[in-house]
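Survey of secondary and tertiary structure
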Amino acid sequence: MNALSHDHGGPLISVDHLTMRFGGLVAIDDVSFSGDNCEITAIIGPNGAGKTTVFNCLTGFYKPTVGRLTLNHPAKGALLLERMEGYQIPQRAGVARTFQNIRLFPAMSVLENLILAQHNDLMRASGFSVAGLLGMRRYRDAENKAVERAKYWLDRTRLTTRADWDAGNLPYGDQRRLEIARAMCIRPVLLCLDEPAAGLNPKESAELNQLLRYIRDEHQIGLLLIEHDMSVVMEISDRIIVLDYGRKIAAGTPDEIKNNPDVIRAYLGETEDEALPEVVAQDLEHPVS
Amino acid sequence: MATPSSEEFKARPLNLPALFKEAGYVAVVVFGLTIGLVGFKTEDVPGGLDIVTRFGQVILATVVAVAGRVGFVLLRERHFIPVLIGAGAFSAAMLVLLIGNIVDADQGVGRFLPFESLVVNWLITLFALILAGRAAWFWSRARPSQVAVDREAAMDRFSAQVQRAAKYFGPLMLGVAIMLPFLPVADRRLLDVAILVVTYIMLGWGLNIVVGLAGLLDLGYVAFYAVGAYSYALLATYFDLGFWTCLPFAGIMAAFAGILLGFPVLRLRGDYLAIVTLGFGEMVRVILLNWYEFTKGPDGISGIPRPTFFGLPFTRRPPEGTESFHEFFGLTYSPLDRIIFLYYLILAMALVTNFFTLRIRKLPVGRAWEALREDETACRSIGINPRNTKLTAFSIGAMFGGFGGSFFATRQGFISPESFTFIESAIILAIVVLGGFGSQIGVVLAAILLIGLPEFFRELQQYRMLAFGAAMVTIMVWRPSGLLAHREPTIRLYPDGPPEKEGES
């Protein structure tokens, strides 16, 4: 591997001048930011600000129009994500992600979901199926290891007793946690979470905070987080980046962001007295009885 | 307690005098109408016209009409079960007679049809069916309704039980299959049907890899069957190679054809994929048909060598200097030997297919196929290469199709593009769909239902296809995922059932 070591300096992920155009629509316009190891970096912004598009560029679902995405892998050195094939990014660069609308393998069991996340290692161990078909010891050992890793994450996400359930039959909150567990089974250096708290109740959100902190502190990886739930964002984020209409409008610690006038304007809109159209004004005066 | 809807369908007490009165009116009207019109018939006799009486038909018509009327009244008063049984039994009996009449108008059971006119027979059968259908519908409404989801769950539990039981009756079935040629009932015809059924079981298992596991709807599977058959036939006739030498080549050629098909369809899903695979199947057939110099086109290839038992041919008089199977083992020659050998050959090939599928399902590549079926985007997000995964599914599925094809060629001794039409793909796919996607035992059951039974009812000719279609429609309405579709996880954390204590949540 590359000689570059863990502390060669530079952030874990740096996004430089990222621009993404879809035809005439500019979804992301010259956004630059970086995320550090052992830090939770939140990306917030109103709907349609381009947050998920940033994730899709990072994880290889989109090829950015302009820009450079550099991942400083602790073991492999600097990797340029925009030059990698989409499906290679999770395993080679160690960037894992979850989805805004959960994407599990619903008809497969919870355990199978987690073992699938270790597909490439197991594929090699099975000698691309030849050794596996012959029932060789090498493959069985590798599979046992994969199960052990899956068990660890099942434990962390409190899904152990439901390991043999079909993933699609799990309650919503469990599915959210399972998706995180599956992403962690890839053994990533950067975990991208797209609205992990969406649809969770306050108790589940609090548990999620704990889980994310645990991942950051114990596994020492970087986390990128898209979230609308401010109770999650403000509590666990180390740094926050605010996007609006595809542009970065602010970056800083949670306290800085809370008091940033640009951010408040983006979220709450300008305060101005706008004359109502005549029809609407009439509607207000004479409501339909 | 009874819900309002079941209240509506509750049986009301019968008013017997009123019922008799109504039946009496009907009897009088029908009798009055038919006595003149049906009861007397003019007939040509030498020297003029004669009048023939048909009072039997009049009485029959009256009885049927009264019975029908009583049925309607009972239905109106919500007494479904007698109507269902009566009308159902009557229409079933009539259908048997009518079909018997179609098969053989003079000799069979068709002689006993009640009415002279075939149209009248069909009409009253139709009315009886409608009556039975209405009774059945009311009856189903009267019972507490079972939601479709519940029924799916119940069927899934049933399928799971069948799969668990398959552990025990699977070896039993295998034992029967192995013993079959030596059973007293085994004659040439039964063995031929058995070979056909097992061929389709093998093809179904092969296609199950593509459709059931990887979820790639392939309507052109017969193309690989054809590639396998032609590979063997051409290699054998051009280079004079034996069956066993050609078998792996045929598989490899078919696998390459699978990759060839796989590349252009990598980005396609669902309906679009189905259309392209359908086109691919036709393309292969058209190429075989038109490349006359190479494949002899519509003339087909004849004189394909028969398989040998490790070099021992199954002939009465082998060529000079060689020994045949029966001479080597000191048996008397029997033409059935070759059939029995073919049966064991295809049985072994099918078992290899099954063993391979069961095994690979538990390997990373098999799990990746299933994951691909579930969600391709999620696959990419965890680093599974969708391209390679799809191509392996296509090529391995195709390989088994190719093996099946070379068996077909050696069994027939003659192949032509006629044997590889779309209907073959449709039948194989129907077996997989009917049996249940991904269910190995389901494929066996469906192949017996769709191939074995129709072979024994060949006399009914085109009506076989009608029954075939009806079965497919019923399955699509009643259980779209197939008869025995139940997915058992490939690995369990708790093989002996979940732990007693649930987690905190």
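Our subject is the structure that appears above.
Residues numbered from 1 in each chain as written. Chains lettered and ligands numbered in written order. Predicted model: local features only at pLDDT ≥ 70, side-chain atom pairs only at ≥ 80, totals over all residues. Heavy atoms only, no water.

For chain B, the count of helices and strands is 19 helices and four strands. For 505 residues, the compact-globule formula gives about 23 Å, and the C-alpha radius of gyration of chain B, at 30 Å, lies well above that figure. As displayed, chain B has an accessible area near 26,400 Å², and 68% of this comes from carbon and sulfur atoms. Side-chain charges of chain B comprise 41 positive and 38 negative groups, with the mean position of each set lying 6 Å from the other. (Helix = DSSP H or I, 4+ residues; strand = E, 2+ residues; numbered from the N terminus. Rg over C-alpha atoms; globule rule 2.2 N^0.38 Å. Areas by Shrake-Rupley, 256 points an atom, 1.4 Å probe, with all protein chains shown as cover. Lys, Arg positive; Asp, Glu negative; His and termini not counted. Charge placed at Lys NZ, Arg CZ, Asp CG, Glu CD.)

Right, let's get into the side chain of aspartate 164 of chain A. If you trace the backbone, aspartate 164 of chain A turns up in the loop between α6 (137-156) and α7 (172-185). By relative accessible area, which is 13% here, aspartate 164 of chain A ends up buried. A polar contact is formed between the side chain of aspartate 164 of chain A and the backbone nitrogen of tyrosine 494 of chain B, at a distance of 3.0 Å. With residues near it in sequence (within four places) discarded, aspartate 164 of chain A still touches Ser109 of chain A together with Pro489, Ile491, Arg492, Leu493 and Tyr494 of chain B. (Buried < 20%, exposed > 50% of the residue type's maximum accessible area, 1.4 Å probe, protein only. Polar contact = N/O pair within 3.5 Å; in protein donor to acceptor, adjacent residues only side chain to side chain. Contact = heavy atoms within 4.5 Å.)

The next subject is the pairing of strand β2 (residues 48-53) of chain B. Residues and elements named next belong to chain B. Relative to β2, strand β1 (residues 40-45) runs antiparallel, the two sharing six bridges. Directly across from threonine 42, in β2, lies its bridge partner isoleucine 51. Counted along the chain from β1 to the antiparallel partner β2, the turn is two residues long, and its residue glycine 47 has a positive phi close to 90°. (Pairing = 2+ DSSP bridges.)

All names here are of chain A. If you walk across this open sheet you meet the four strands as β2-β1-β4-β5, and the pairing is antiparallel. Strand pairing shows two members of the sheet lacking a second neighbour, β2 (25-35) and β5 (77-80), which therefore form its edges. Between one strand and the next, the sheet's axes are offset by a mean angle of 20°, whatever the strand orientation. For strand β1 (residues 13-22) and β2, the ladder comprises seven bridges, and the chain directions are antiparallel. Counted as the bridge partner of arginine 21 is valine 26 from β2. On top of the sheet, helix α1 (residues 51-58) reaches β1, β2 and β4 (66-73); it is set at about 110° to β1, its chief contact. (Axes fitted to C-alpha atoms, helices over the stretch in contact; angles between N-to-C directions.)

This part takes up the pairing of β5 of chain A. As a general feature of sheets, a regular strand has side chains that alternate between the two faces. All names here are of chain A. Across four bridges, β4 lies against β5 in antiparallel orientation. What sits directly across from leucine 71, in β5, is leucine 79. The antiparallel hairpin formed by β4 and β5 contains three residues in its connecting segment.

A few words on helix α7 (residues 188-213) of chain B. For α7 of chain B, which comprises 26 residues, the first-to-last C-alpha distance of 36 Å matches the rise-based estimate of 38 Å (1.5 Å per residue) to within 8%. At leucine 207 of chain B, α7 of chain B shows its strongest bend, of approximately 40°. (Expected span 1.5 Å × (residues − 1). Bend = angle between axes of the 7 residues up to and from the residue.)

What follows deals with the packing of aromatic side chains. Aromatic rings in a pair are described by how distant their centres are and how their planes are angled relative to each other. Residues and elements named next belong to chain A. If you walk through the whole model with that rule in mind, you get 17 aromatic pairs over all chains. Relative to tyrosine 62, the ring of phenylalanine 22 lies with its centre 5.2 Å away and its plane at 75°, an arrangement referred to as edge-to-face. Taken together, the positions of phenylalanine 22 in strand β1 and tyrosine 62 in the loop between α1 and β4 put the pair 40 residues apart, joining distant regions of the chain. For phenylalanine 22, a relative accessible area of 35% translates into the label partly exposed. (Phe/Tyr/Trp six-rings, centres within 6.5 Å; stacked < 30°, edge-to-face > 60°.)

Before going further, it helps to spend a moment on the interface of chain B and chain A. Taken together, the 37 residues of chain B in the interface contact 43 residues of chain A. At the junction of chain B and chain A, the tally comes to 13 residue pairs in polar contact (both at pLDDT 80 or more). At the level of elements, α13 (336-361), α14 (364-374), α15 (376-381) and α16 (386-412) of chain B are the ones that each hand at least two residues to the side of chain B that touches chain A. Element by element, the count of residues in the side of chain B that touches chain A is highest for α14 of chain B, at seven residues. Residues belonging to the side of chain B that touches chain A are distributed by class as follows: 17 nonpolar, seven polar and 13 charged. (Nonpolar A, V, L, I, M, F, W, Y, C, P; charged D, E, K, R; others polar.)

Once the charged atoms of two side chains with opposite charge are near each other, the side chains can pair. Residues and elements named next belong to chain A. Under the counting rule described, the total for this entry stands at 30 salt bridges over all chains. Where arginine 97 meets aspartate 194, a salt bridge forms, and the shortest distance between an N and an O atom there is 3.8 Å. Note that arginine 97 is positioned in strand β6 (residues 95-97) and aspartate 194 in strand β7 (residues 190-194), a separation of 97 residues in sequence. The pair formed by arginine 97 and aspartate 194 is uniform in burial state, with each residue classed as buried. (Salt bridge = Lys/Arg side-chain N within 4 Å of Asp/Glu carboxyl O.)

Moving on to the environment of tyrosine 333 of chain B. Residue and element names in this part refer to chain B. Residue placement: tyrosine 333 occurs in the loop between α12 (325-328) and α13. With 16 residues separating them in the primary sequence, tyrosine 333 and arginine 317 have C-alpha atoms 9.4 Å apart. Sequence-distant contacts of tyrosine 333, that is, excluding residues within four places in its chain, are made with Phe314, Thr315, Arg316 and His326.

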